[in-house]
Amino acid sequence: MALFSFLKRPRTYAVQGPQGGIDTKIVLSEGFDPGKDRCPMVILMHGFIAKKEMYPVPALAKALAAEGIASISFDFDAHGKSEGKFIDMTLSGEVADARAVWEYARQLPYVSRIALAGHSQGGVVAGLLAGELEDKDVKPVCLVQMAPAAVLKDDALKGQCMNAKYDPANPPEFVNVLFHKLGRKFILEAQQYPIYETSTRYTGKVCLIHGAKDKIVPLSYSRKYDELYPDSELHILEKEGHFLGGDKKTVTGIATDFLKKNLNV
(Lines give C-alpha, C1' and ligand atoms only; values in the text may rest on other atoms or scores of the structure.)
Protein backbone atom coordinates (compact mmCIF):
# COMPACT_ATOMS: atom_id res chain seq x y z
CA MET A 1 0.00 0.00 0.00
CA ALA A 2 2.85 2.40 0.83
CA LEU A 3 4.50 1.68 -2.52
CA PHE A 4 1.19 2.31 -4.34
CA SER A 5 0.78 5.64 -2.52
CA PHE A 6 4.31 6.64 -3.53
CA LEU A 7 3.62 5.90 -7.19
CA LYS A 8 0.41 7.95 -7.05
CA ARG A 9 1.91 11.03 -5.39
CA PRO A 10 0.40 14.30 -6.70
CA ARG A 11 1.95 16.05 -9.69
CA THR A 12 3.77 19.27 -8.85
CA TYR A 13 3.35 22.40 -10.98
CA ALA A 14 5.60 25.43 -11.30
CA VAL A 15 2.68 27.55 -12.51
CA GLN A 16 -0.78 27.91 -11.00
CA GLY A 17 -3.88 29.12 -12.86
CA PRO A 18 -7.45 29.76 -11.67
CA GLN A 19 -8.33 26.05 -11.95
CA GLY A 20 -5.08 24.76 -10.47
CA GLY A 21 -1.76 23.52 -11.78
CA ILE A 22 -0.66 24.45 -15.32
CA ASP A 23 1.66 21.92 -16.96
CA THR A 24 4.52 23.56 -18.83
CA LYS A 25 7.38 22.52 -21.09
CA ILE A 26 10.49 24.60 -21.76
CA VAL A 27 12.61 23.96 -24.86
CA LEU A 28 16.11 25.47 -25.00
CA SER A 29 18.66 25.51 -27.79
CA GLU A 30 21.24 22.74 -27.84
CA GLY A 31 24.26 23.73 -25.76
CA PHE A 32 22.44 26.59 -24.04
CA ASP A 33 23.53 27.02 -20.41
CA PRO A 34 20.70 28.60 -18.35
CA GLY A 35 23.19 29.22 -15.57
CA LYS A 36 25.24 31.73 -17.56
CA ASP A 37 23.58 32.35 -20.95
CA ARG A 38 20.60 34.56 -21.85
CA CYS A 39 18.10 34.32 -24.69
CA PRO A 40 14.63 35.44 -25.76
CA MET A 41 11.62 33.21 -25.13
CA VAL A 42 8.30 32.67 -26.91
CA ILE A 43 5.17 31.58 -25.03
CA LEU A 44 3.31 29.06 -27.22
CA MET A 45 -0.45 28.50 -26.86
CA HIS A 46 -2.46 25.59 -28.27
CA GLY A 47 -6.03 25.65 -29.51
CA PHE A 48 -9.49 24.50 -28.41
CA ILE A 49 -9.57 20.86 -27.18
CA ALA A 50 -5.88 20.50 -28.01
CA LYS A 51 -2.69 20.30 -25.92
CA LYS A 52 0.91 21.43 -26.01
CA GLU A 53 2.08 18.19 -27.65
CA MET A 54 -0.03 18.83 -30.74
CA TYR A 55 1.08 20.62 -33.94
CA PRO A 56 1.92 23.43 -34.49
CA VAL A 57 3.31 23.93 -30.96
CA PRO A 58 6.12 21.29 -30.92
CA ALA A 59 7.17 22.10 -34.49
CA LEU A 60 7.46 25.78 -33.70
CA ALA A 61 9.34 25.08 -30.46
CA LYS A 62 11.87 22.98 -32.40
CA ALA A 63 12.29 25.60 -35.12
CA LEU A 64 12.78 28.36 -32.57
CA ALA A 65 15.38 26.35 -30.63
CA ALA A 66 17.39 25.94 -33.83
CA GLU A 67 17.55 29.75 -34.04
CA GLY A 68 18.65 30.30 -30.45
CA ILE A 69 15.17 31.15 -29.15
CA ALA A 70 13.72 29.38 -26.11
CA SER A 71 10.05 28.53 -25.80
CA ILE A 72 7.62 27.63 -23.06
CA SER A 73 4.45 25.80 -24.03
CA PHE A 74 1.67 24.82 -21.65
CA ASP A 75 -1.67 23.07 -21.39
CA PHE A 76 -4.57 25.39 -20.69
CA ASP A 77 -6.75 24.45 -17.71
CA ALA A 78 -8.65 21.18 -18.23
CA HIS A 79 -6.44 20.31 -21.22
CA GLY A 80 -3.54 17.87 -21.43
CA LYS A 81 -1.82 17.45 -18.07
CA SER A 82 -3.15 20.62 -16.46
CA GLU A 83 -5.74 20.61 -13.70
CA GLY A 84 -9.36 21.73 -13.94
CA LYS A 85 -12.70 20.70 -15.42
CA PHE A 86 -13.55 21.42 -19.03
CA ILE A 87 -17.06 22.51 -18.12
CA ASP A 88 -15.48 25.37 -16.13
CA MET A 89 -13.19 26.49 -18.97
CA THR A 90 -13.72 30.08 -20.13
CA LEU A 91 -11.88 32.47 -22.39
CA SER A 92 -11.02 34.74 -19.46
CA GLY A 93 -9.77 31.70 -17.56
CA GLU A 94 -7.42 30.83 -20.41
CA VAL A 95 -6.17 34.41 -20.52
CA ALA A 96 -5.47 34.10 -16.78
CA ASP A 97 -3.55 30.86 -17.44
CA ALA A 98 -1.47 32.61 -20.11
CA ARG A 99 -0.85 35.56 -17.81
CA ALA A 100 0.41 33.18 -15.10
CA VAL A 101 2.84 31.61 -17.60
CA TRP A 102 3.92 35.12 -18.67
CA GLU A 103 4.75 36.04 -15.07
CA TYR A 104 6.63 32.76 -14.61
CA ALA A 105 8.65 33.27 -17.80
CA ARG A 106 9.50 36.84 -16.79
CA GLN A 107 11.22 35.69 -13.60
CA LEU A 108 13.40 33.06 -15.33
CA PRO A 109 16.94 34.50 -14.95
CA TYR A 110 18.07 33.49 -18.45
CA VAL A 111 15.15 35.08 -20.33
CA SER A 112 15.89 38.44 -21.93
CA ARG A 113 12.75 39.24 -23.95
CA ILE A 114 9.38 37.53 -24.45
CA ALA A 115 7.03 37.14 -27.41
CA LEU A 116 3.63 35.43 -27.67
CA ALA A 117 2.32 32.96 -30.24
CA GLY A 118 -0.84 30.90 -30.47
CA HIS A 119 -3.01 28.81 -32.78
CA SER A 120 -6.81 28.97 -33.08
CA GLN A 121 -8.33 29.73 -29.66
CA GLY A 122 -4.76 29.97 -28.38
CA GLY A 123 -4.21 32.65 -31.00
CA VAL A 124 -7.15 34.60 -29.61
CA VAL A 125 -5.79 34.24 -26.06
CA ALA A 126 -2.33 35.38 -27.16
CA GLY A 127 -3.87 38.49 -28.70
CA LEU A 128 -5.98 39.22 -25.63
CA LEU A 129 -2.98 38.90 -23.31
CA ALA A 130 -0.91 41.19 -25.55
CA GLY A 131 -3.67 43.79 -25.44
CA GLU A 132 -4.01 43.55 -21.67
CA LEU A 133 -0.25 43.98 -21.23
CA GLU A 134 0.00 47.00 -23.53
CA ASP A 135 0.02 49.52 -20.69
CA LYS A 136 2.39 47.56 -18.44
CA ASP A 137 6.04 48.43 -17.91
CA VAL A 138 7.01 45.22 -19.70
CA LYS A 139 4.97 43.95 -22.63
CA PRO A 140 5.49 41.29 -25.32
CA VAL A 141 8.06 42.21 -27.96
CA CYS A 142 5.84 40.83 -30.73
CA LEU A 143 2.89 38.53 -31.40
CA VAL A 144 2.08 35.65 -33.77
CA GLN A 145 -1.53 34.57 -34.30
CA MET A 146 -2.14 31.45 -36.40
CA ALA A 147 -5.74 31.04 -37.58
CA PRO A 148 -6.99 33.04 -34.55
CA ALA A 149 -10.51 31.85 -33.73
CA ALA A 150 -12.29 35.13 -33.10
CA VAL A 151 -15.27 33.39 -34.71
CA LEU A 152 -15.95 31.88 -31.27
CA LYS A 153 -17.89 35.03 -30.31
CA ASP A 154 -20.12 34.95 -33.39
CA ASP A 155 -20.65 31.20 -32.94
CA ALA A 156 -21.75 31.75 -29.34
CA LEU A 157 -24.20 34.43 -30.49
CA LYS A 158 -25.57 32.04 -33.14
CA GLY A 159 -25.84 29.10 -30.74
CA GLN A 160 -23.31 26.78 -32.30
CA CYS A 161 -19.92 25.24 -31.61
CA MET A 162 -18.47 22.63 -33.93
CA ASN A 163 -21.22 19.98 -34.11
CA ALA A 164 -23.28 21.36 -31.21
CA LYS A 165 -26.39 23.55 -31.51
CA TYR A 166 -28.20 25.32 -28.68
CA ASP A 167 -30.45 28.28 -27.85
CA PRO A 168 -28.05 31.24 -27.61
CA ALA A 169 -30.57 33.24 -25.56
CA ASN A 170 -30.77 30.49 -22.94
CA PRO A 171 -27.79 28.11 -23.19
CA PRO A 172 -27.96 24.84 -21.25
CA GLU A 173 -25.63 24.02 -18.38
CA PHE A 174 -23.34 22.49 -21.01
CA VAL A 175 -23.28 21.28 -24.60
CA ASN A 176 -21.38 18.26 -25.83
CA VAL A 177 -18.57 19.24 -28.20
CA LEU A 178 -16.30 16.47 -29.45
CA PHE A 179 -16.82 14.44 -26.24
CA HIS A 180 -16.21 17.50 -24.04
CA LYS A 181 -18.73 19.44 -21.96
CA LEU A 182 -18.58 23.08 -23.04
CA GLY A 183 -20.08 25.04 -20.16
CA ARG A 184 -22.75 27.72 -20.08
CA LYS A 185 -20.17 30.08 -18.52
CA PHE A 186 -18.00 29.85 -21.61
CA ILE A 187 -20.92 30.56 -23.93
CA LEU A 188 -22.32 33.54 -22.03
CA GLU A 189 -18.90 35.11 -21.60
CA ALA A 190 -17.94 34.55 -25.25
CA GLN A 191 -21.12 36.34 -26.39
CA GLN A 192 -19.94 39.52 -24.66
CA TYR A 193 -16.15 39.29 -24.87
CA PRO A 194 -14.48 42.35 -26.48
CA ILE A 195 -12.01 40.25 -28.47
CA TYR A 196 -10.93 42.73 -31.13
CA GLU A 197 -11.26 45.75 -28.85
CA THR A 198 -8.89 44.22 -26.29
CA SER A 199 -6.40 42.61 -28.65
CA THR A 200 -5.89 45.60 -30.91
CA ARG A 201 -4.84 47.81 -28.03
CA TYR A 202 -1.48 46.13 -28.58
CA THR A 203 0.89 48.39 -30.52
CA GLY A 204 3.74 45.97 -31.15
CA LYS A 205 4.37 44.06 -34.35
CA VAL A 206 1.92 41.27 -35.18
CA CYS A 207 2.19 38.36 -37.63
CA LEU A 208 -1.08 36.76 -38.73
CA ILE A 209 -1.02 33.40 -40.54
CA HIS A 210 -4.25 32.02 -42.00
CA GLY A 211 -5.26 29.33 -44.48
CA ALA A 212 -7.52 30.44 -47.33
CA LYS A 213 -9.36 27.10 -47.11
CA ASP A 214 -10.07 27.36 -43.38
CA LYS A 215 -13.68 26.20 -42.86
CA ILE A 216 -13.62 26.51 -39.06
CA VAL A 217 -12.36 30.09 -38.82
CA PRO A 218 -12.95 31.99 -42.07
CA LEU A 219 -10.09 34.13 -43.35
CA SER A 220 -12.21 37.24 -42.75
CA TYR A 221 -11.42 37.06 -39.03
CA SER A 222 -7.69 37.48 -39.60
CA ARG A 223 -8.39 40.18 -42.16
CA LYS A 224 -10.28 42.10 -39.49
CA TYR A 225 -7.39 41.72 -37.03
CA ASP A 226 -5.04 42.97 -39.74
CA GLU A 227 -7.23 46.02 -40.40
CA LEU A 228 -7.39 46.96 -36.71
CA TYR A 229 -3.84 46.37 -35.49
CA PRO A 230 -1.56 49.42 -35.89
CA ASP A 231 1.41 47.31 -37.06
CA SER A 232 0.58 43.90 -38.51
CA GLU A 233 1.27 41.66 -41.47
CA LEU A 234 -1.10 39.00 -42.82
CA HIS A 235 0.19 35.85 -44.52
CA ILE A 236 -2.52 34.03 -46.47
CA LEU A 237 -1.68 30.43 -47.33
CA GLU A 238 -3.86 29.49 -50.29
CA LYS A 239 -3.79 25.70 -49.85
CA GLU A 240 -4.05 25.54 -46.04
CA GLY A 241 -7.04 24.77 -43.85
CA HIS A 242 -7.56 25.59 -40.19
CA PHE A 243 -4.87 23.30 -38.80
CA LEU A 244 -2.15 24.58 -41.15
CA GLY A 245 -0.74 21.09 -41.52
CA GLY A 246 -0.26 20.86 -45.28
CA ASP A 247 3.09 22.62 -45.59
CA LYS A 248 4.38 22.68 -42.04
CA LYS A 249 7.81 23.93 -43.08
CA THR A 250 6.32 27.08 -44.60
CA VAL A 251 4.04 27.74 -41.62
CA THR A 252 6.77 27.36 -39.02
CA GLY A 253 9.20 29.22 -41.26
CA ILE A 254 6.97 32.32 -41.49
CA ALA A 255 6.45 32.38 -37.72
CA THR A 256 10.09 31.67 -36.87
CA ASP A 257 11.47 34.26 -39.28
CA PHE A 258 9.12 36.91 -37.88
CA LEU A 259 10.02 36.07 -34.28
CA LYS A 260 13.73 35.90 -35.01
CA LYS A 261 13.68 39.32 -36.69
CA ASN A 262 11.70 41.06 -33.96
CA LEU A 263 13.47 39.40 -31.04
CA ASN A 264 16.77 40.58 -32.54
CA VAL A 265 18.37 37.15 -32.56
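Calculation notes
Residues numbered from 1 in each chain as written. Predicted model: local features only at pLDDT ≥ 70, side-chain atom pairs only at ≥ 80, totals over all residues. Heavy atoms only, no water. Helix = DSSP H or I, 4+ residues; strand = E, 2+ residues; numbered from the N terminus. Buried < 20%, exposed > 50% of the residue type's maximum accessible area, 1.4 Å probe, protein only. Contact = heavy atoms within 4.5 Å. Areas by Shrake-Rupley, 256 points an atom, 1.4 Å probe, with all protein chains shown as cover. Pairing = 2+ DSSP bridges. Axes fitted to C-alpha atoms, helices over the stretch in contact; angles between N-to-C directions. Arc of directions from axis to C-beta. Core = buried A, V, L, I, M, F, W, Y, C linked by side-chain atoms within 4.5 Å. Phe/Tyr/Trp six-rings, centres within 6.5 Å; stacked < 30°, edge-to-face > 60°. Parallel < 35°, antiparallel > 145°, perpendicular 65-115°, else oblique. Left-handed = near helix turned anticlockwise from the far one by under 90°. Nonpolar A, V, L, I, M, F, W, Y, C, P; charged D, E, K, R; others polar.

1. Structural notes on the overall build of the protein chain
1) Next: In terms of helices and strands, the protein chain carries 9 helices and 13 strands.
2) Next: Taken over the C-alpha atoms alone, the protein chain extends approximately 60 × 55 × 35 Å along its principal axes.
3) Next: Taking all 265 residues of the protein chain together, 52% fall into the buried category.
4) Next: Contacts spanning at least 24 positions in sequence make up 76% of the contacts within the protein chain whose residues lie at least 6 apart.
5) Next: Accessible surface computed for the protein chain: about 12500 Å², of which carbon and sulfur atoms make up 52%.

2. A short note on the sheet that holds strand 3 (residues 24-27)
1) Next: Strand order across the open sheet formed by 7 strands is 3-5-4-6-7-12-13, with mixed pairing between neighbours. Since the sheet does not close on itself, it has two edges, and those belong to strand 3 and strand 13 (232-237), each with one partner. Sheet twist, expressed as the average angle between the axes of neighbouring strands with direction ignored, equals 20 degrees.
2) Next: For strand 4 (residues 39-45) and strand 5 (residues 70-74), the ladder comprises 5 bridges, and the chain directions are parallel.

3. As for helix 2 (residues 57-66)
1) Next: If you check which residues of helix 2 are buried, you get Val57, Leu60, Ala61, Leu64 and Ala65. Along helix 2, the residues classed as buried sweep out an arc of 135 degrees about the axis, all on the same side. Exposed residues lying more than 90 degrees from the buried face of helix 2 are Lys62 and Ala66.
2) Next: On its buried side, helix 2 packs onto strand 3, strand 4, strand 5, strand 6 (111-119), strand 7 (142-146) and helix 9 (248-262).

4. Comments concerning the nonpolar core
1) Next: Grouped together as the largest cluster of nonpolar side chains are 59 residues, with contacts concentrated most on Ile43, Met45, Leu116 and Leu182.
2) Next: At 7 residues, helix 3 (residues 91-106) tops the list of elements feeding residues into this core.
3) Next: Leaving out residues up to four positions away in the same chain, leucine 116 has contacts with Val42, Ile43, Met45, Trp102, Ala126, Leu129, Ala130, Pro140, Cys142, Leu143 and Val144.
4) Next: The next biggest cluster of nonpolar side chains, apart from the first, holds 22 residues, and it includes Leu44, Ala117, Val251 and Leu259.

5. Comments concerning the packing of aromatic side chains
Aromatic ring pairs are described here by two measures, namely the spacing of the ring centres and the angle between the planes.
1) Next: Across all of its chains, the model carries 5 aromatic pairs by this definition.
2) Next: Relative to tyrosine 110, the ring of phenylalanine 32 lies with its centre 5.7 Å away and its plane at 70 degrees, an arrangement referred to as edge-to-face. Note that phenylalanine 32 is positioned in the loop between strand 3 and strand 4 and tyrosine 110 in the loop between helix 3 and strand 6, a separation of 78 residues in sequence.
3) Next: Overall, the relative accessible area of 17% leaves phenylalanine 32 in the buried class.
4) Next: With a relative accessible area of 7%, tyrosine 110 lands in the buried category.
5) Next: Taking the centre distance of 5.7 Å and the plane angle of 10 degrees together, the rings of tyrosine 225 and tyrosine 229 count as stacked.
6) Next: Residue tyrosine 225 is classed as buried on the basis of its relative accessible area of 0%.
7) Next: Three or more aromatic residues joined by ring pairs make a cluster, and in this case those are Tyr196, Tyr225 and Tyr229.

6. Concerning the packing of helix 2 against helix 9
1) Next: Running from N to C, helix 2 and helix 9 cross one another at 45 degrees; their axes reach a closest spacing of 10 Å. Here helix 2 is positioned oblique relative to helix 9, judged by the angle of their axes. The element helix 2 and its partner helix 9 pack so that their crossing is right-handed. Listed contacts from helix 9 to Ala59, Leu60, Ala63 and Leu64 of helix 2 are Thr252, Ala255, Thr256 and Leu259.
2) Next: When grouped by side-chain class, the residues that make up the contact of helix 2 with helix 9 number 6 nonpolar, 2 polar and no charged.

7. Re unusual backbone geometry
For residues besides glycine, phi is generally negative; the peptide bonds are generally trans as well.
1) Next: Here the bond from tyrosine 55 into proline 56 is cis, since omega is 10 degrees, no more than 30 degrees from zero.
2) Next: Its place among the elements puts proline 56 in the loop between strand 4 and helix 2.
3) Next: One non-glycine residue, alanine 78, lies in positive phi territory at about 65 degrees.
4) Next: Mapped onto the fold, alanine 78 is located in the loop between strand 5 and helix 3.

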